[in-house]
Amino acid sequence: MASRISRTLVAMVATAGATLGVTLANPSPASAAMTICYNTSQAPSYASIANQAATIWNNATSNLTLTANCGTNLRIYQITGGGSYAVRTSLGNGRVYIDTQQAAQYSPLRIMTHEIGHILGLPDNYNGNCAILMSGGSAGTSCTNPYPSSAEASRVTSLFAGTRSATERGTDSGSTVFRDSWPAALAPVS
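Since the model is a prediction, treat every value here as computed from it, not as a measurement.

Chemist: Tell me about the environment of A103, and name the residues and values.
Modeler: With respect to the element layout, A103 can be found in helix α3 (residues 100-103). Overall, the relative accessible area of 10% leaves A103 in the buried class. C-alpha of A103 to C-alpha of Y46: the two residues are 57 residues apart in sequence and 9.9 Å apart in space. Excluding anything up to four places from it in sequence, A103 contacts Y46, I98, P108 and I111.

Chemist: I'd like to hear about helix α5 (residues 150-159), residue by residue, with values.
Modeler: Considered for burial, the residues of α5 that qualify are E152, A153, V156 and T157. The arc enclosing the buried residues of α5, seen along the axis, measures out at 135°, which places them on a common side. Those residues of α5 that are exposed and aimed more than 90 degrees away from the buried face are S150 and A151. On its buried face, α5 is in contact with α2 (47-60) and β2 (64-68).

Chemist: Before we move on, can you summarise the state of the cysteines with the specific residues and values?
Modeler: Between two cysteines, a covalent bond joining their sulfur atoms is known as a disulfide. Considering all chains together, one arrives at two disulfides under this definition. The disulfide bridge from C37 ends at C70, spanning 2.0 Å between sulfur atoms. Taking the torsion about the sulfur-sulfur bond, which here is approximately -100°, the covalent link between C37 and C70 counts as left-handed. Linking C37 in strand β1 (residues 34-42) with C70 in the loop between β2 and β3 (74-79), this pair joins segments that are 33 residues apart in sequence.

Chemist: Residues and numbers for the pairing of β3, please.
Modeler: Note that β1 and β3 share three bridges and pair parallel. Its bridge partner being in β3, N39 is matched across the sheet by R75. Judged from the six bridges that link them, β3 and strand β5 (residues 93-99) form a sheet pairing that is parallel. The partner of I76 across the bridge, within β5, is V96.

Chemist: Before we move on, could you go through the nonpolar core and cite the residues and values that matter?
Modeler: Grouped together as the largest cluster of nonpolar side chains are 33 residues, with contacts concentrated most on L66, L74, I76, V96, M112, I116 and L120. Breaking this core down by element, the ones donating at least two residues are β1, α2, β2, β3, β5 and α4 (108-119). In contact with M112, not counting residues within four places along its chain, are Y46, I49, A50, A53, I76, V96 and I98.

Chemist: I'd like to hear about the packing of aromatic side chains, residue by residue, with values.
Modeler: As enumerated under the stated definition, the model contains two aromatic pairs in all. Here the aromatic rings of Y85 and Y97 are separated by 4.5 Å at their centres, their planes lie at 15°, and the arrangement is stacked. With a gap of twelve residues between them, Y85 in strand β4 (residues 85-90) and Y97 in strand β5 connect regions that are remote in the sequence. The residues Y85 and Y97 share a single accessibility class, namely buried.

Chemist: Mind laying out the pairing of β5, listing which residues take part and the relevant values?
Modeler: Among the seven residues in β5, six count as buried, and that is most of the element. Pairing geometry for β4 and β5, over five bridges, is antiparallel. Bridge assignment links S90 to a residue of β5, and that residue is N93. Following β4, the chain reverses through two residues before pairing antiparallel with β5; G92 in that reversal takes a positive phi of roughly 85°.

Chemist: Could you give an account of the confidence of the model for the protein chain, with specific residues and numbers?
Modeler: Residue-level pLDDT values for the protein chain average 80, and 68% of them are 70 or greater. Looking at the elements of the protein chain, mean pLDDT is at its lowest for helix α6 (residues 166-169), recorded as 45, and at its highest for α2, recorded as 98. In this model residues 163-173 is a low-confidence stretch, pLDDT under 50, and it forms 22 contacts with partners more than four residues away in sequence or in other chains. Across residues 186-190, confidence stays below pLDDT 50; counting only partners more than four residues off in sequence or on other chains, it has one contact.

The rules we used
- Residues numbered from 1 in each chain as written.
- Predicted model: local features only at pLDDT ≥ 70, side-chain atom pairs only at ≥ 80, totals over all residues.
- Heavy atoms only, no water.
- Helix = DSSP H or I, 4+ residues; strand = E, 2+ residues; numbered from the N terminus.
- Buried < 20%, exposed > 50% of the residue type's maximum accessible area, 1.4 Å probe, protein only.
- Contact = heavy atoms within 4.5 Å.
- Arc of directions from axis to C-beta.
- Disulfide = S-S within 2.5 Å.
- Pairing = 2+ DSSP bridges.
- Core = buried A, V, L, I, M, F, W, Y, C linked by side-chain atoms within 4.5 Å.
- Phe/Tyr/Trp six-rings, centres within 6.5 Å; stacked < 30°, edge-to-face > 60°.
- pLDDT = per-residue confidence, 0-100.

Dropping the structure here:
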């Protein structure tokens, strides 16, 4: 519990420092937690949602810390149309695209946490169960749950149990695109 609180406080301090323009030399705690730096400069209106999603993942995992604006392992983009999706270039590295039209219909926090889940190694699970984060939009527009299930969190913790840094993992070849997690935006009613 103390380790999780410590990681959360470190992530909050790092986020606050980044907001004020302060760079921390090593924002990760002394534990074996892996730090994944995310950048929201291309999605400024979703920066606070990305910070909330990072906090959710930081609290759900025991060896992972997502930290804002300390690097570019994960870049977050805001787009209009085409659907929200993620492109994982390697474990812990990639890009997340948040579609403003879908974020107007579905919970933006659920979308963000779900898409970051792909970067962290989780596949889609189109079972329609709102309790499963990776079920994405198949759970419907009324589902606002942004939290990974214990099985999803355990899987991410397991994937990050190695000792390689996110930068070292960035040299792995191949990328995976995760599209169609969210049904197409509904046409405006005239």
